[in-house]
Amino acid sequence: MAIPLSPLPYAEDALAPHISKETLETHHGKHHKTYVDKLNDAIKGTDLADSSLEEIVKAAHQKGEKGLFNNSAQAWNHGFYWNSLTPEKTAPSAKLAEAINRDFGSQQALAEALTNEAVGHFASGWAWLVAEGDKLKVISTHDAATALTENVVPLLTIDVWEHAYYIDVKNKRPDYVKTVVENCLNWAFASENYETGRVWAYPQEAAV
Ligand code: FE
């Protein structure tokens, strides 16, 4: 059983003009696919060959297997990122909105905290909104490091590797982050993650 390339939950041109079709084609079809391919090569014939992606990431993290960790965590992070974005206008559920007001003061203040974390993160990595128990936090992780191995429930993520925005805005990460935070974040996805308290599960089977 191989780990599939998780499908984009919308068309490649659905997030334009905020994120272009060309960026999504390359980012999903080349970058994400390469992580998945390398991960499948690495687990072939090992005792992780039939494991879920979540199990593989955690095992590689625990054993300090850097190569396997990088490719498996990047596979998971990208699947989670595609679901963190949407072309639809979404809003936090009543329960998530209440937690946002409690922990950040307002939705606007959370948007600013997330933007600052994503823009300020040094070099490659990921900015996350997570729930630690009931409490919401904005964090970032370096390179392939993932909220999946922290003791939290990830709600949303923003990819801040250059490949996420270089085609569209060259080196201007703040422009990419601003447009994503203002227009593309999937608050319905974040609300579901928050309310169930369950970590999103990467698809097990390839889409047919
Ligand atoms: Fe990426």
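Note that the structure is a prediction, hence the values are computed from the model and not measured. (Residues numbered from 1 in each chain as written. Predicted model: local features only at pLDDT ≥ 70, side-chain atom pairs only at ≥ 80, totals over all residues. Heavy atoms only, no water.)

Visitor: Give a description of the packing of aromatic side chains that names residues and reports values.
Guide: All told, the structure shown has eleven aromatic pairs when counted by the stated rule. An angle of 45° between the planes, with centres 5.1 Å apart, marks the rings of tyrosine 81 and tryptophan 82 as tilted. When sorted by exposure, tyrosine 81 lands in the same class as tryptophan 82, which is buried. An angle of 25° between the planes, with centres 5.1 Å apart, marks the rings of tyrosine 165 and tyrosine 176 as stacked. With a gap of eleven residues between them, tyrosine 165 in the loop between strand S3 (153–159) and helix H6 (166–169) and tyrosine 176 in helix H7 (residues 173–183) connect regions that are remote in the sequence. (Phe/Tyr/Trp six-rings, centres within 6.5 Å; stacked < 30°, edge-to-face > 60°. Buried < 20%, exposed > 50% of the residue type's maximum accessible area, 1.4 Å probe, protein only. Helix = DSSP H or I, 4+ residues; strand = E, 2+ residues; numbered from the N terminus.)

Visitor: Give a description of the coordination of the iron ion that names residues and reports values.
Guide: Geometry reference: four tetrahedral donors at a metal, ideal angle 109.5 degrees. Six octahedral donors, ideal angles 90 or 180 degrees. Within the protein, the iron ion binds to His27 (NE2), His78 (NE2), Asp159 (OD) and His163 (NE2); these donor distances fall in the range 1.9 to 2.1 Å. If you look at the iron ion, its four donor atoms make angles of 90 to 128° with each other, and the shape they trace is tetrahedral. When the donor residues of the iron ion are listed from N- to C-terminus, their spacing reads H-x50-H-x80-D-x3-H. Of this pair, histidine 78 sits in helix H3 (residues 66–84) while aspartate 159 sits in strand S3, placing them 81 residues apart in sequence. For histidine 78, a relative accessible area of 0% gives the class buried. A relative accessible area of 0% places aspartate 159 in the buried class. (Donors = N, O, S within 2.8 Å, 3.2 Å for Na, K, Ca; no water. Tetrahedral: all angles 85-135°; square planar, octahedral: opposite > 155°, others 65-115°.)

Visitor: Account for the side chain of threonine 146, naming residues and giving values.
Guide: Tracing the backbone shows threonine 146 in the loop between strand S2 (135–142) and S3. The class for threonine 146 is buried, based on a relative accessible area of 1%. Side-chain polar atoms of threonine 146 contact the side chain of asparagine 77, separated by 2.8 Å. Sequence-distant contacts of threonine 146, that is, excluding residues within four places in its chain, are made with Val57, Phe69, Ala73, Trp76, Asn77, Trp128 and Thr141. (Polar contact = N/O pair within 3.5 Å; in protein donor to acceptor, adjacent residues only side chain to side chain. Contact = heavy atoms within 4.5 Å.)

Visitor: Describe the nonpolar core, with residues and values.
Guide: The biggest cluster of nonpolar side chains holds 65 residues, and the ones touching the most others in it are Trp76, Leu85, Leu136, Leu155, Tyr176, Leu185 and Trp187. For this core, the element with the highest residue contribution is H3, accounting for eight residues. If we skip the residues at most four places from it in the chain, leucine 85 touches Tyr10, Leu15, Ile19, Val180, Cys184, Leu185 and Asn186. (Core = buried A, V, L, I, M, F, W, Y, C linked by side-chain atoms within 4.5 Å.)

Visitor: Could you give me a rundown of the pattern of salt bridges, with the residues and numbers involved?
Guide: Applying the stated criterion across every chain, the model contains seven salt bridges. The partner of lysine 21 in a salt bridge is glutamate 25, with the nearest N and O atoms 3.1 Å apart. One end of the pair is lysine 21 and the other is glutamate 25, both in helix H1 (residues 21–43) and four residues apart, which spans about a single turn. Glutamate 132 is the partner of lysine 137 in a salt bridge, and the nearest nitrogen-oxygen pair spans 3.1 Å. The exposure class of glutamate 132 is partly exposed, given its relative accessible area of 39%. Residues participating in the shared-partner salt-bridge network are Arg102, Asp103, Asp134 and Lys135. (Salt bridge = Lys/Arg side-chain N within 4 Å of Asp/Glu carboxyl O.)

Visitor: Could you give me a rundown of the packing of H1 against H3, with the residues and numbers involved?
Guide: Where H1 meets H3, the closest approach of the two axes is 8 Å, and the angle between their N-to-C directions is 140°. Regarding the angle of H1 to H3, the classification is oblique. Judged by the sense of rotation from one axis to the other, the crossing of H1 with H3 is left-handed. When H1 is examined against H3, the residues Leu24, His27, His28, His32, Tyr35, Val36, Lys38, Leu39, Ala42 and Ile43 are found in contact with a partner set consisting of Leu68, Asn71, Ser72, Gln74, Ala75, His78, Gly79, Tyr81 and Trp82. Among the residues making up the contact of H1 with H3, the classes are represented as ten nonpolar, eight polar and one charged. (Axes fitted to C-alpha atoms, helices over the stretch in contact; angles between N-to-C directions. Parallel < 35°, antiparallel > 145°, perpendicular 65-115°, else oblique. Left-handed = near helix turned anticlockwise from the far one by under 90°. Nonpolar A, V, L, I, M, F, W, Y, C, P; charged D, E, K, R; others polar.)

Visitor: How would you sum up the pairing of strand S1 (residues 125–132)? Please name residues and give values.
Guide: In terms of burial, S1 is largely enclosed, as seven of its eight residues are buried. As paired elements, S1 and S2 share eight bridges and run antiparallel to each other. Paired with valine 130 across the bridge in S2 is lysine 137. Connecting S1 to the antiparallel partner S2 that follows it, the hairpin turn spans two residues, and glycine 133 within it adopts a positive phi of roughly 65°. Sheet analysis places S1 next to S3, joined by six bridges and oriented antiparallel. Paired with leucine 129 across the two strands is leucine 156, which belongs to S3. (Pairing = 2+ DSSP bridges.)

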